[in-house]
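As a plain string of letters, each chain reads:
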Amino acid sequence: MRDCLSLLDQALALGASELDSLNAGDVDQASETSRIRKGLIHEALDCGCDIPTDAIRDKLLRLQSLQSRLTDAAKVLHESMRQELSRSRKESTRLAGYGMAAKGVPRFRGLSKRG
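Here the structure is a predicted model, which is why all the values come from computation and not from measurement.

Caption draft 1: Main features of the overall build of the chain. Within the chain one finds 3 helices and 0 strands. Reading the chain from its N terminus to its C terminus gives the helix and strand order α-α-α. Counting every position in the chain, which comprises 115 residues, the buried fraction comes to 22%. Here the chain displays about 8,800 Å² of accessible surface, and carbon together with sulfur accounts for 54% of that area.

Caption draft 2: Local environment of the state of the cysteines. Applying the stated criterion across every chain yields a total of 1 disulfide. Put simply, Cys-4 and Cys-47 are joined by a disulfide, and their sulfur atoms are 1.7 Å apart. Disulfide Cys-4 to Cys-47: torsion about the S-S bond roughly 45 degrees, handedness right-handed. Placement of Cys-4 in helix α1 (residues 4-24) and of Cys-47 in the loop between α2 (27-46) and α3 (53-103) is noted, with a sequence separation of 43 residues between them. Of the two residues examined, Cys-4 and Cys-47, each falls in the buried class.

The rules behind the values
Residues numbered from 1 in each chain as written. Predicted model: local features only at pLDDT ≥ 70, side-chain atom pairs only at ≥ 80, totals over all residues. Heavy atoms only, no water. Helix = DSSP H or I, 4+ residues; strand = E, 2+ residues; numbered from the N terminus. Buried < 20%, exposed > 50% of the residue type's maximum accessible area, 1.4 Å probe, protein only. Areas by Shrake-Rupley, 256 points an atom, 1.4 Å probe, with all protein chains shown as cover. Disulfide = S-S within 2.5 Å.

What follows is the structure in structure tokens.
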């Protein structure tokens, strides 16, 4: 069984990697790293090692701080994706308007050729 503190250290290192992935916009890599980090934290908390609580408390506070930075980075990424999607929708609507103008829609649709 691995040492609880080393598991928490690995979780901190993975969290830093996850933060870098989020800042780079690589959501898939950040998601995979998050899944692994979660497993390490659960394993560390379930190991039942005889380690001073001050040491574990320090690591958990660092993990909490890291989690708040990860959440902030995810919010920034979410907002930028939302704005990009909105901009894309507006551009699509604008281009659709040009398409209708270029097709030359007839003015009198209700008239038949027979008279």
